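# Per-entry structural report
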Amino acid sequence: MRALVAEDQMLLRVGLTRILDAAGIAVVAAVADAEALAAALGRDDVDVAIVDVRLPPTLTTEGLEAVIRARSSRPGLPVLVLSQFVEPLYARELLAGGAGSVGYLLKDRVVDVDGFVAAVRQVAGGGTVLDPEVVAGLLSARPLDRLTGREREVLALVAQGRSNAAIATRLHVTEKAVDKHINNILTKLDLSPTLDDNRRVLAVLAWLDAA
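Residues numbered from 1 in each chain as written. Predicted model: local features only at pLDDT ≥ 70, side-chain atom pairs only at ≥ 80, totals over all residues. Heavy atoms only, no water.

A separate point is the overall build of the protein. The helix and strand tally for the protein stands at ten helices and six strands. Burial analysis of the protein (211 residues in total) assigns 46% to the buried set. Counting only contacts in the protein whose residues sit at least 6 apart along the sequence, the fraction spanning at least 24 positions is 63%. Split by element, the accessible area of the protein, about 10,000 Å² in all, is 53% carbon and sulfur. (Helix = DSSP H or I, 4+ residues; strand = E, 2+ residues; numbered from the N terminus. Buried < 20%, exposed > 50% of the residue type's maximum accessible area, 1.4 Å probe, protein only. Contact = heavy atoms within 4.5 Å. Areas by Shrake-Rupley, 256 points an atom, 1.4 Å probe, with all protein chains shown as cover.)

Moving on, we come to helix H7 (residues 149–159). Residues of H7 that are buried include every one of Glu-151, Val-154, Leu-155, Ala-156, Leu-157, Val-158 and Ala-159, and no others. One or two residues past the end of H7 sits Gly-161, with phi positive at roughly 90°.

Relative to the 20 Å expected for 14 residues at 1.5 Å per residue, helix H9 (residues 175–188) spans 20 Å between its end C-alpha atoms, a close match to the ideal helical length. Listed in full, the buried residues belonging to H9 are Val-178, Ile-182, Ile-185 and Leu-186. Take H9 and look down its axis: the buried residues cluster within an arc of 95°, on one side only. Opposite the packed face of H9, turned more than 90 degrees from it, sit the exposed residues Lys-176, Lys-180 and Thr-187. One or two residues past the end of H9 sits Asp-190, with phi positive at roughly 60°. (Expected span 1.5 Å × (residues − 1). Arc of directions from axis to C-beta.)

In this model, Pro-56 is joined to Pro-57 through a cis peptide bond whose omega is 20°. By the secondary structure assignment, Pro-57 is in the loop between strand S3 (48–52) and helix H3 (62–73). In the Ramachandran plot, Leu-59 falls in the positive-phi region, its phi being about 55° despite a non-glycine side chain. Inspection of the secondary structure puts Leu-59 in the loop between S3 and H3. Look at Leu-59 and you get partly exposed, because its relative accessible area is 43%. Phi at His-172 takes a positive value of approximately 60°, unusual for a residue other than glycine. Within the secondary structure, His-172 sits in the loop between helix H8 (164–171) and H9.

This paragraph deals with the pattern of salt bridges. Evaluated as defined, the whole model comprises eight salt bridges. Note that Arg-43 is salt-bridged to Asp-45, the shortest N-O span being 2.7 Å. When the shortest N-O distance is used, the salt bridge between Arg-109 and Asp-131 registers 2.7 Å. Here Asp-131 lies in the loop between strand S6 (128–130) and helix H6 (132–139) and Arg-109 lies in the loop between strand S5 (102–106) and helix H5 (113–124), a separation of 22 residues in the sequence. In this structure Arg-109 comes out as partly exposed when scored by relative accessible area, which is 32%. Salt bridges linked by common partners bring Glu-7, Asp-52 and Lys-107 together as one network. (Salt bridge = Lys/Arg side-chain N within 4 Å of Asp/Glu carboxyl O.)

Spelled out as structure tokens, the structure:
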């Protein structure tokens, strides 16, 4: 697997590169600003991009904007966005294309090296990874009065991209019970059930973000 890293802070950029190299993921480019990122995203040897939302010159949303443009010309380009803050709007922007292979993590999560590498691999493999704090922000964005307390718990875990088996283990219930909860959730939220986990995550998040 070959990765692109875009991070303006030199120490973190070097740290990310070393973590990925140690995990057997080759870093083919490590850049520090939006212009260099835009050029690197045009390479055909990038399997996944790990990108800071805020890059020079203005340190606003250059990183996010660059990957969104890149995904418009290369749908499904795997992108894991890193941010210093919980900003659900950025997560929604990234998910808007609906093509999957996306992730949004707080930079603090990088200290969990195994978890970070697992997230990179999941995104590169076509999955969706969302930071639990971002998920919480999305869930609180609108009332979920139709759902029971247990269904809200299951929904939060679904939105994090967890499988039914993982949810069952986390909540100490059977997979059959989880499947029933998910069907109830999708029915109450007026969503069509699907076996595709990534589409399921995007559908739930799309409903949560609807006006």
